Amino acid sequence: MLNLRQDTDGFIHMSRHFPRGMTIAITFTDGSRGEFSGSRLNGLYDRALAAYRRGNNLDAKGFDRAPQKIHRRNAVGLVPVSPDMGG
């Protein structure tokens, strides 16, 4: 089991997918603790990544196709979580 701690802004640090069947325990800033499956956190990561790309006008692969230079920006490191997102 992996143990993560929510930061004061309501995020966990996650830069990649976890194994689907893994159990991840998160300690929230209010002191409560929740358990998430790897597949649930992977879904939250994918949503955070999609929101990041939408907010920065990037395509599905993380490219900005408008300017002359193409820069790959396909990473998010922070995923928002709350105790009611368990599952």
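Residues numbered from 1 in each chain as written. Predicted model: local features only at pLDDT ≥ 70, side-chain atom pairs only at ≥ 80, totals over all residues. Heavy atoms only, no water.

**Student:** Explain the nonpolar core here, please?
**Tutor:** Most often, soluble globular proteins keep nonpolar side chains buried together rather than apart. Residues Ile12, Ile26, Leu41 and Val81 are the most contacted members of the largest nonpolar core, which totals 17 residues. Counting only elements with at least two residues in this core, the list comes to strand S3 (23–27) and helix H1 (38–55). At five residues, the largest contribution of residues to this core is made by H1. Setting aside its immediate chain neighbours within four residues, Leu41 contacts Ile12, Met14, Phe18, Ile24, Ile26, Phe36 and Val81. (Core = buried A, V, L, I, M, F, W, Y, C linked by side-chain atoms within 4.5 Å. Buried < 20%, exposed > 50% of the residue type's maximum accessible area, 1.4 Å probe, protein only. Helix = DSSP H or I, 4+ residues; strand = E, 2+ residues; numbered from the N terminus. Contact = heavy atoms within 4.5 Å.)

**Student:** Explanation requested: H1 in the structure shown.
**Tutor:** Given 3.6 residues to a turn, an α-helix orients residues that are three or four positions apart in the same direction. Look at H1: 25 Å from first C-alpha to last across 18 residues, which is about the 26 Å you get at 1.5 Å a residue. For H1, the set of buried residues is Gly38, Leu41, Asn42, Leu44, Tyr45, Ala48, Leu49 and Arg53. For H1, the elements touching its buried residues are strand S2 (11–13), S3, strand S4 (33–37) and strand S5 (78–80). After H1 finishes, the residue Asn57 shows a positive phi value of roughly 55 degrees. (Expected span 1.5 Å × (residues − 1).)

**Student:** When you look at the pairing of S3 in this model, what are you seeing that I'm missing?
**Tutor:** For a regular strand, the rule is simple: side chains alternate between the two faces of the sheet. Burial runs high along S3: four of the five residues are buried. Pairing of strand S1 (residues 2–5) with S3, which is carried by four bridges, proceeds in the parallel orientation. Pairing of Arg5 across the sheet is with Thr27, part of S3. Of the strand pairs in this sheet, S3 and S4 are connected by five bridges, and their pairing is antiparallel. Paired with Ala25 across the two strands is Glu35, which belongs to S4. (Pairing = 2+ DSSP bridges.)

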